[in-house]
Amino acid sequence: MTRSPADPACRAWLEVDLAGLTRNAERVADHVAPARLVPMVKADAYGLGAIAVARTLDGLEPYAFGVATPREGAELRRGGIERRIVVFAPSAAAEASELLEAGLDGAALSLDSLRKLAARARAEAGRIAVHLEVDTGMGRAGLPAAAAADWAPEVASVLSGGGVSLDSVYTHFHSAGTDAAVTRGQLARLRAAVTRLEAAGVDVPLLHAANSDAAMGDRQYHLDLVRVGIYLYGGRRGTGIAGAPADPEGVARVRARVLEVRDLAPGSTVSYGAMYTTSGAERLATLGIGYADGLAWRLSNSGRALVRGIRVPIRGGVCMDVTSVDVSAVSGVEPSDVVTLLGRDGAEEITLAEVAAAAGTIEYEVLTAIGRRLPRCYADGPDHAAEGSR
């Protein structure tokens, strides 16, 4: 659903800047052209709302949208997304029928999964567009690149039997932002595997490998498609990757209202386990947000918030539903005031990278952990973008 931040009953919410999202996508599209985009909108578009994000980016005419499960793809279909949707982690044995029902492309993660997808499609008199994964070092899924001479003829045999068509071959880079030599090696193994496939008589229409880091880096990784994710949503700033486009704009802003303001005497304790003790007289504001909303517990006594554009520290433990911040340095704080836990307020900004570092995690987890309890509020996108979004 959508909800106005002006609604006093809205104690915490996530604002999504759809115009900033579009500009981030345009930067990537310009940088990787003529390769086309596959925006990754899995995990509810990294927590920002897959339907709203896909509707917004559909105008850029991406090749497809990427999801992890058929259920995610079906949700996009129900939201009116007609463009190609690729399910990158389907269970061939259990979910082939769901691919067919929703008109989704599927990834083949092994020779066995390719066979099962083909068999189920033939049994239902259908056809599944398949994207074949080659394992070049990720180690979690895909046909092993080193054994391509063995499996390439088998792939050709399955394709000749009908039920599936091969629409692309791809791999996953595991260290594109940190190890250029290893990444070049992965690309070389992918190309060698494709050569084996083609020698077996398989036509490979499209080739792709690049995630956000690779898309921002060397053009040799762009190939035909780039599967961009975290960059769209404001992550991976300041990577220092040579030739990268400008840093992305922050897209997500987590806000919460002040519920109570309390003056504590020196020596007062705060939160469970008395995790914080005041060293002097302090004024604390209790915010209507906690770890059930996605504010990491590990931000206890280490995170920051913005109150009237001023940085303030989190005091004590982040609780399930509320969190305390020290507003001693901010004048006039009152209940219902808005506090920023992620994003910009005035000249100050708390970035994804900052929150991730303080919580000892990664940017992806910060976004995907944002709880379903927080309403999503969409700004500056297509008029229809937020319709039906939670």
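For the structure, see preceding data.
Residues numbered from 1 in each chain as written. Predicted model: local features only at pLDDT ≥ 70, side-chain atom pairs only at ≥ 80, totals over all residues. Heavy atoms only, no water.

1. Some remarks on the overall build of the chain
Then step 1. In terms of regular secondary structure, the chain is built from 11 helices and 20 strands.
Then step 2. In summary, the chain has a C-alpha radius of gyration of 24 Å against a globular reference of 21 Å for 390 residues, a match within 12%.
Then step 3. Reported as C-alpha extents along the three principal axes, the dimensions of the chain are approximately 80 × 40 × 40 Å.
Then step 4. Considering the chain as a whole, with its 390 residues, one finds that 54% of them fall into the buried category.
Then step 5. Counting contacts in the chain only where the partners sit at least 6 residues apart, residues at least 24 apart contribute 67% of the total.
Then step 6. For the chain, the exposed surface amounts to about 16,000 Å²; the carbon and sulfur share of it is 49%.
Then step 7. Side-chain charges in the chain split into 41 positive and 47 negative, and the spacing between the mean points of these groups amounts to 2 Å. (Helix = DSSP H or I, 4+ residues; strand = E, 2+ residues; numbered from the N terminus. Rg over C-alpha atoms; globule rule 2.2 N^0.38 Å. Buried < 20%, exposed > 50% of the residue type's maximum accessible area, 1.4 Å probe, protein only. Contact = heavy atoms within 4.5 Å. Areas by Shrake-Rupley, 256 points an atom, 1.4 Å probe, with all protein chains shown as cover. Lys, Arg positive; Asp, Glu negative; His and termini not counted. Charge placed at Lys NZ, Arg CZ, Asp CG, Glu CD.)

2. Quick look at the state of the cysteines
Then step 1. Summed over the entire model, instances satisfying the criterion amount to zero disulfides.
Then step 2. Of all cysteine sulfurs, the one in Cys10 lies closest to Cys377, which takes part in no disulfide; the gap is 5.4 Å.
Then step 3. Of the residues examined, Cys377 reaches a relative accessible area of 7% and is grouped as buried. (Disulfide = S-S within 2.5 Å.)

3. Some points on the pairing of strand E18 (residues 338–345)
Then step 1. With four bridges joining them, strand E11 (residues 252–264) and E18 adopt antiparallel strand pairing. Across the sheet, Val254 pairs through a bridge with Leu342, a residue of E18.
Then step 2. Inspection of the sheet shows strand E15 (residues 304–307) paired to E18 by two bridges, in the antiparallel sense. Its bridge partner lying in E18, Val307 is registered against Val339.
Then step 3. Relative to strand E19 (residues 348–350), E18 runs antiparallel, the two sharing three bridges. Counterpart to Gly343 in the pairing with E19 is Ile350.
Then step 4. In this structure, the hairpin formed by E18 and E19 is closed by a connection of two residues, where Gly346 is found at a positive phi of approximately 70°. (Pairing = 2+ DSSP bridges.)

4. Examining the nonpolar core
Then step 1. One finds Trp151, Val169, Tyr233 and Leu367 to be the most contacted residues of the largest nonpolar core, which totals 122 residues.
Then step 2. Considering every element that reaches this core, the biggest residue donor is helix H7 (residues 148–160), with seven residues.
Then step 3. Apart from residues lying up to four places away in sequence, Tyr233 is in contact with Leu21, Met40, Val41, Ala45, Tyr46, Leu48, Val53, Val251, Leu352 and Leu367. (Core = buried A, V, L, I, M, F, W, Y, C linked by side-chain atoms within 4.5 Å.)

5. Some remarks on the packing of aromatic side chains
Then step 1. With the rule as written, the count across this model stands at four aromatic pairs.
Then step 2. On the basis of an interplanar angle of 40° and a centroid distance of 6.1 Å, the ring pair of Tyr46 and Tyr364 is categorised as tilted. Placement of the pair is Tyr46 in helix H2 (residues 42–46) and Tyr364 in helix H11 (residues 363–368), with a sequence separation of 318 residues.
Then step 3. The partly exposed category is assigned to Tyr364, whose relative accessible area is 34%.
Then step 4. Chaining the aromatic ring pairs together yields one cluster made of Tyr46, Tyr233 and Tyr364. (Phe/Tyr/Trp six-rings, centres within 6.5 Å; stacked < 30°, edge-to-face > 60°.)

6. Section: the environment of Ala176
Then step 1. Turning to its location among the elements, Ala176 is positioned in the loop between strand E8 (164–170) and helix H8 (180–199).
Then step 2. Here the alpha-carbon distance between Ala176 and Val158, two residues 18 residues apart in the chain, equals 32 Å.
Then step 3. Sequence-distant contacts of Ala176, that is, excluding residues within four places in its chain, are made with Thr183, Asn211, Asp213 and Ala214.

7. Looking at the pattern of salt bridges
Then step 1. Scanning all chains against the criterion turns up 19 salt bridges.
Then step 2. Between Arg115 and Glu154 there is a salt bridge, with the nearest N and O atoms lying 3.2 Å from each other. With a gap of 39 residues between them, Arg115 in helix H6 (residues 111–123) and Glu154 in helix H7 connect regions that are remote in the sequence.
Then step 3. Assessed through its relative accessible area of 35%, Glu154 is described here as partly exposed. (Salt bridge = Lys/Arg side-chain N within 4 Å of Asp/Glu carboxyl O.)

8. Examining helix H4 (residues 70–78)
For an α-helix the count is 3.6 residues per turn, leaving residues at separations of three or four pointing the same way.
Then step 1. Those residues of H4 that sit buried are Pro70, Glu72, Gly73, Ala74 and Leu76.
Then step 2. On its buried side, H4 packs onto H2, helix H3 (50–57), strand E3 (65–67), strand E4 (85–87) and helix H5 (92–102).
Then step 3. Directly after H4, the chain includes Gly80, whose backbone phi takes a positive value near 95°.

9. Description of the packing of H7 against H8
Then step 1. At a minimum axis separation of 8 Å, H7 and H8 run at an interaxial angle of 45°. One finds that H7 runs oblique with respect to H8. In this structure, H7 crosses over H8, and the sense of that crossing is right-handed. Residues Ala148, Ala149, Trp151, Ala152 and Val155 of H7 pack against Ala193, Arg196 and Leu197 of H8.
Then step 2. Per-class residue counts for the contact of H7 with H8 are seven nonpolar, no polar and one charged. (Axes fitted to C-alpha atoms, helices over the stretch in contact; angles between N-to-C directions. Parallel < 35°, antiparallel > 145°, perpendicular 65-115°, else oblique. Left-handed = near helix turned anticlockwise from the far one by under 90°. Nonpolar A, V, L, I, M, F, W, Y, C, P; charged D, E, K, R; others polar.)

10. A closer look at the pairing of strand E14 (residues 282–287)
Then step 1. Burial of E14 is extensive: five of the six residues sit out of reach of the surface.
Then step 2. Judged from the six bridges that link them, E11 and E14 form a sheet pairing that is antiparallel. Bridge assignment links Val261 to a residue of E14, and that residue is Ala285.
Then step 3. Across four bridges, E14 lies against strand E17 (residues 323–326) in antiparallel orientation.

11. Overview of a nonpolar patch on the surface
Then step 1. Together, Met275, Tyr291, Trp297 and Met320 give the surface a local cluster of nonpolar side chains, amounting to about 400 Å² of exposed area.
Then step 2. With respect to the helices and strands, the residue Tyr291 is situated in the loop between E14 and E15. (Patch = residues over 30% accessible without salt bridge, like charges linked within 9 Å, V, L, I, M, F, W, Y side chains within 5 Å.)

The values reported here are purely geometric and, on their own, carry no functional implication.
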